[in-house]
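# Examination of the molecular architecture
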Amino acid sequence: MDFFFEVLVGGLLAGVMYSMVAIGFVLVHKASGVFNFAQGAMVLFAALTFVSLVERGWPFAAALLATLVAMVGVAVAVGRGVLRPLAARPPIVLFMATLGLSFVLEGLAQWLWGAQVHALDLGIEDTPLDMGGLLVSRFDLVAAGVAAALVAVLSWGFHRTRAGLALRAVADDPLAALAVGIDLERVGRWVWSAAGAVALVAGLLWGARTGVQFSLSLIVLKALPVLIIGGFSSVAGALAGGLLVGASEKLAEVYAGPLLGGGIENWFPYVLALLCLCWRPQGLFGEPRVQRI
Amino acid sequence: MAATPLLSLEQVTLRFGGVTAIHAVGFDVHPGEVLSIIGPNGAGKSSLLNVVSGVYRPQQGTLRFDGTPLRAGGPGRIARLGVARTFQNLALFKGMPVLDNVIAGVRRGPTAARRSQAEALLEFLQLQRWRTQPVGVLPYGLQKRVELARALAAQPRLLLLDEPMAGMNTDDKHTMARVIVEVNRQLATTVVLIEHDMGVVMDISDRLVVLDHGRKIADGRPAAVRGDPGVIAAYLGQARHDQAGSMGGRDSVGAASAAIGSWRAT
């Protein structure tokens, strides 16, 4: 039984890492209804910028701040160069634009900082910690703590700040938001900046895990089943979806893997997502889409 | 009234493809007045309001707000200039609580001041009881009031109301009419409204502009407009059409007096 719980806890903590990528998608989708395919590229861009600055001798805090500024810069540039010219176009057009944006960001990151793999050391020891008989990764615990703090900050921002109110208003009804004088472009900059900050956090944790390299932008593919299960526009859903995916894929790998020849954790989340689509297409926390005619 | 008009329209023409919705309409709105735009269905009233609030851009003509021309800028910019509006079919943030809807309308001040201003408006419009409920679950009449509260939260200089009493019962209509008059008198807000209830319109308006088929056919004090032959004819045509449809035809004089009678009944 201890073994079961160890796998479960390990899976849940791994799931937190997926959630952190998914939350970036949720922010942009919530505010604009756009699936931002470039979120993965933003993770790569942030991690690569950070690690390159650190390697050039910048202190941790300065590098963090500079990368944050860079991500805000990306948000402003996206607002000017992509969102403004494509304002009021259907979501599919914007989705295609983010697809292009992901190539631009991946290219830019590697053009600026090179394409080699960087090791990233956040100074967190990845040693197992004995918690009442269960062995838990210290790094995973830190990651979970960071994720919890991130969700708390975002939730506070949504519900207690003026920018959050404007964002919820835009998410609820963009035309009504326009009618009360909310500046949609400014809200767009806020959301993309927040998504950039989330990408930075996710990039640091994932980068410390796997090394900072090109494949970091492919964690989009890990976030997709999480989003389908949790719903595209709920931060809580992204968190729950990540936990569910993380736990179930690890349990499936350990218990069902040997029967199916192993390696099933790569496709298992998609099967889960498929089932979810059949049963509850809007995701566990998503709101059903109501079409009034 | 000799001062600069708060809003002035000159030769405003709006076309949708080949259809001319508004044809060279011009009038002034003076500071502090309540002006009603009336006219049969399809006369172009809502389109005109949408032009003023920046939703539609007219092909011809000029709009001036407090003397400065309103060029392209869209609804966001016009809202920030001090024009607030409500919509015929409501445009509320349905998933958000009543209070948050109203706070979203506040344009100035630190966060705490915005909240207290919104609370004061809820009290003014007697909405405190529903302050934490999502707007989407409230009855229609209350939603209309929330939308008005949100528009007032901007402390607008010009308030545009698109059928504020549509679909309301008599009590709610009276409340709404009283609120509009209070807003106009106490907050010195200039009001332009579209309304079909002629009793209310005659009661609360300082001036009427009558549209028919996109053209302005009358402009003046309620008493003058009421006796205007052109207006009677426009409503006569409307009445004849309506009556013929619903009652299988009556003589046109009877239909006309029925239409005008509904103005005088209240």
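Everything numeric in this text was worked out from a predicted model, so none of it was measured.

With that settled, the discussion passes to the interface of chain B and chain A. Listed per partner, the contact involves 21 residues of chain B and 14 residues of chain A. Both sides together, the interface formed by chain B and chain A hides about 1500 Å², and carbon and sulfur atoms give 58% of it. Connecting chain B to chain A are one salt bridge. We note a salt bridge from Arg168(A) to Asp100(B), for which the minimum N-O separation is 3.0 Å. In this assembly, chain B and chain A are joined by eight residue pairs in polar contact (both at pLDDT 80 or more). The residue inventory of the side of chain B that touches chain A, partitioned by class, reads 10 nonpolar, five polar and six charged.

Let us now look at the environment of Val25(B). Residues and elements named next belong to chain B. Its location among the elements puts Val25 in strand S2 (residues 19-29). Using a relative accessible area of 0% as the deciding quantity, one classes Val25 as buried. Once the C-alpha coordinates of Val25 and Lys216 are considered, the two residues, 191 residues apart in sequence, prove to be 5.8 Å apart. Apart from residues lying up to four places away in sequence, Val25 is in contact with Leu9, Glu10, Gln11, Val12, Leu48, Leu211, Gly214, Arg215 and Lys216.

On to the pairing of strand S10 (residues 215-220) of chain B. Remember that side chains alternate between the two faces of the sheet whenever the strand is regular. Residues and elements named next belong to chain B. In this sheet, S10 lies alongside strand S9 (residues 207-212) in antiparallel orientation, the contact comprising five bridges. Counterpart to Val210 in the pairing with S10 is Ala218. In textbook terms, the turn of a hairpin is the stretch between consecutive antiparallel strands, and for S9 and S10 this stretch comprises two residues, one of which, His213, has a positive phi near 50°.

What counts and how
Residues numbered from 1 in each chain as written. Chains lettered and ligands numbered in written order. Predicted model: local features only at pLDDT ≥ 70, side-chain atom pairs only at ≥ 80, totals over all residues. Heavy atoms only, no water. Contact = heavy atoms within 4.5 Å. Buried area = accessible area lost by both parts, 1.4 Å probe. Salt bridge = Lys/Arg side-chain N within 4 Å of Asp/Glu carboxyl O. Polar contact = N/O pair within 3.5 Å; in protein donor to acceptor, adjacent residues only side chain to side chain. Nonpolar A, V, L, I, M, F, W, Y, C, P; charged D, E, K, R; others polar. Helix = DSSP H or I, 4+ residues; strand = E, 2+ residues; numbered from the N terminus. Buried < 20%, exposed > 50% of the residue type's maximum accessible area, 1.4 Å probe, protein only. Pairing = 2+ DSSP bridges.

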